[in-house]
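Here's the letter readout for the chains.
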Amino acid sequence: MTQLNETHGPSLQSWLNSANVEGTDFPIQNLPFAEFRRAGSDEAFRGGVAIGDQVIDLAALNNAYLQGSLGDLLTAEAAIALAAAAQSSLNELMSLGPVHWSALRLGLSRGLRAGAAHESVIAACLVAQSDAAYALPARIGDYTDFYASIHHATNIGRLFRPDNPLLPNYQWIPIGYHGRSSSINVSGADFPRPHSQMKAPDAEKPVYGPCKRLDYELEVGIFIGQGNAQGQTVTMDDAEAHVFGLCLLNDWSARDIQAWEYQPLGPFLSKNFASTLSPWVVTMEALLPYRSAWTRPETDPQPLDYLESAQNRAAGGFDMQLEVLVETAQMREQGLAPHRLGLSNFDYSYWTVAQMVTHHTVNGCNLQAGDLFGSGTMSGPHAGSEGAMIELTKGGKEPVTLSNGEVRTFLEDGDRVIMRGWCDRAGAKRIGFGEMSSTILPAIKA
Ligand code: MN
């Protein structure tokens, strides 16, 4: 595991003033990656790193490096990583592994510090975030969605199966299903309310139409870095070296479609119409100061040996705050602030990222660079920490009143769902994941 190093120093300052503003998501200690270009242009997408309110154009920085303008700022490994990050997806950078990622981070950190020798060269590679448009960070080959919050699993299970909320395998297996990658889009991509079949419990037969119980799921997205060969397994000790970083994920869900279709093979059309990702991926190294011990209540089954490691017990968790808000069409028209629906934390997870990676590969399944995992809806144990509306409204039975007086049981057309994430701990600099959002459009007439 990568160790804390000079890039994490909480007092580090950048020559870029906006990176030093209290509360910024993107101080010099963060340095997350995205794919971007200038909004409204037909430029090629290329990798970028966020710093303050700017993006470092990594294709431009790579050109500067190739022209010799960066002197000895970059090691050989960092230069290889920079060339990979300059491409139109981050897959190649992700495939390089932690040594290269870390070398590039160190080079960027040194070049961005107050007093750095190469300030003017790097400053010439900056694009304002307000001028940037984003693409997905990677070509996502495969997408697996886990179900790692026991609070969510219990809340949902109680609605679908009141007598038997938590199935017996839950405490033994990091439960997941294979999702669809083609309909994952980056923040800002809106989508129409989906159609399919639904059947009310007391109805004789199903009906076809637009879903009426559209929901969000507040999740952490996990990007796989280096993959594994088919037939090989990734052990707990190696698991995190295969993870590039984390982002925000909204796994949109149509609850009425889900209720009718989910047995026996799991979610299908209720999930595959849209998922939304934040543009920025925060690297595992940037997240080091916010790692936490992972524990399992003594009264619960302890993991089988292949899902145990000392490292995982000591620091397998992430103290990562997660927030979901809604901005209705009415709020937008009246200029009102969005309403917070939930505030949770990735530390509520019953399973760690390492356990997800190891379990996914224990049968020999091969992961590939750019594969995406979802953590599952990351609900916490108390009121206010629900990560989905179905939990908040008890399956639609207890509508929620928003700050402007509007009422919701599920999402309505025009609702924009916003997600944010950040890590903030004493002794470390606060870092954030930026903001992502997407708006529900009316169903397409069918
Ligand atoms: Mn989900």
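Residues numbered from 1 in each chain as written. Predicted model: local features only at pLDDT ≥ 70, side-chain atom pairs only at ≥ 80, totals over all residues. Heavy atoms only, no water.

Colleague: Even after reading the chapter, I still don't get the packing of aromatic side chains, so can you show me in this structure?
Modeller: Given two aromatic rings, one states the distance between the centres and the angle between the planes to describe the pair. Applying the stated rule across the entire model yields 11 aromatic pairs. Ring-pair connections join several aromatic residues into one group, and the members of that group are Tyr147, Tyr170, Tyr350 and Trp351. The ring of Phe36 has Arg46 sitting right over it, with the charged end atom 4.7 Å from the ring centre. Residue placement shows Arg296 over the ring face of Tyr350; its charged tip is 3.5 Å from the ring centre. (Phe/Tyr/Trp six-rings, centres within 6.5 Å; stacked < 30°, edge-to-face > 60°. Lys NZ or Arg CZ within 6 Å of the ring centre and 35° of its normal.)

Colleague: Could you clarify how one ought to interpret the nonpolar core in this entry?
Modeller: Nonpolar side chains tend toward joint burial in soluble globular proteins. In this structure, Tyr216, Ile222, Leu246, Trp252, Met320, Phe346 and Val357 are the most contacted members of the largest nonpolar core, which totals 61 residues. In contact with Met320, not counting residues within four places along its chain, are Val220, Leu246, Cys247, Leu248, Ser344, Asn345, Phe346, Trp422, Cys423 and Phe433. By size, the runner-up hydrophobic cluster in this structure holds 43 residues, among which are Ala19, Ile51, Leu73 and Leu249. (Core = buried A, V, L, I, M, F, W, Y, C linked by side-chain atoms within 4.5 Å. Buried < 20%, exposed > 50% of the residue type's maximum accessible area, 1.4 Å probe, protein only. Contact = heavy atoms within 4.5 Å.)

Colleague: What is the right way to read the coordination of the manganese ion from this model?
Modeller: Any two of four tetrahedral donors ideally make an angle of 109.5 degrees at the metal, while pairs among six octahedral donors ideally make 90 or 180 degrees. Around the manganese ion, the protein contributes the donor atoms Asp145 (OD), Glu217 (OE), Glu219 (OE) and Asp251 (OD), at 2.1 to 2.2 Å from the metal centre. Among the residues examined, Glu217 registers a relative accessible area of 4% and is labelled buried. According to the relative accessible area criterion, Asp251 is buried, its value standing at 0%. (Donors = N, O, S within 2.8 Å, 3.2 Å for Na, K, Ca; no water.)

Colleague: Sorry, what's going on with helix 6 (residues 150-160) here?
Modeller: Since the α-helix packs 3.6 residues into each turn, any two residues three or four apart lie on the same face. Along helix 6, the residues classified as buried are Ile150, His152, Ala153, Thr154, Ile156 and Gly157. On its buried face, helix 6 is in contact with helix 12 (389-392). Near the N-terminus of helix 6, the side chain that reaches the backbone nitrogen of His151, with its oxygen 3.2 Å away, is that of Ser149. (Helix = DSSP H or I, 4+ residues; strand = E, 2+ residues; numbered from the N terminus. Polar contact = N/O pair within 3.5 Å; in protein donor to acceptor, adjacent residues only side chain to side chain.)

Colleague: What is the right way to look at the pattern of salt bridges in this model?
Modeller: Oppositely charged side chains may form a pair once their charged atoms are brought near each other. Tallied over the full model, the rule gives 23 salt bridges. Measuring nitrogen to oxygen at the nearest pair gives 3.1 Å for the salt bridge that ties Arg38 to Glu43. A relative accessible area of 37% means that Arg38 is categorised as partly exposed. Ionic pairing is found between Arg425 and Asp319, a salt bridge with its closest N-O pair at 3.4 Å. On the criterion of sequence distance, the pair formed by Arg425 in the loop between strand 25 (416-423) and strand 26 (431-441) and Asp319 in the loop between strand 19 (317-318) and strand 20 (321-327) is long-range, its members being 106 residues apart. Its relative accessible area of 26% is what places Arg425 among the partly exposed residues. Residue classification places Asp319 among the buried positions, given a relative accessible area of 17%. One salt-bridge network, in which partners are shared between bridges, spans Asp215, Glu217, Asp251, Arg255 and Lys271. (Salt bridge = Lys/Arg side-chain N within 4 Å of Asp/Glu carboxyl O.)

Colleague: Please clarify how the sheet that holds strand 20 should be interpreted in this entry.
Modeller: Neighbouring strands of a sheet are bound in pairs by backbone hydrogen bonds; such pairs are parallel or else antiparallel. Spatially, 9-26-25-20-21 is the arrangement adopted by the five strands of the open sheet, whose pairing is mixed. On the outer flanks of this sheet lie strand 9 (191-192) and strand 21 (339-345), each paired with one strand and no other. Taken together, the seven bridges between strand 20 and strand 25 define a ladder with antiparallel strand orientation. When the bridges of strand 25 are listed, Val326 appears paired with Val417. (Pairing = 2+ DSSP bridges.)

Colleague: Looking at this structure, how should I read the pairing of strand 2 (residues 46-51)?
Modeller: Buried residues dominate strand 2, accounting for six of its six residues. As judged from the four bridges shared by strand 1 (residues 33-38) and strand 2, these two strands associate in the antiparallel manner. In the sheet register, Phe36 faces strand 2, and the bridge partner there is Arg46. As defined by bridge partners, strand 2 adjoins strand 3 (residues 54-57) across four bridges and the pair is classed as antiparallel. Note that in strand 3 the partner of Ile51 across the bridge is Gln54.

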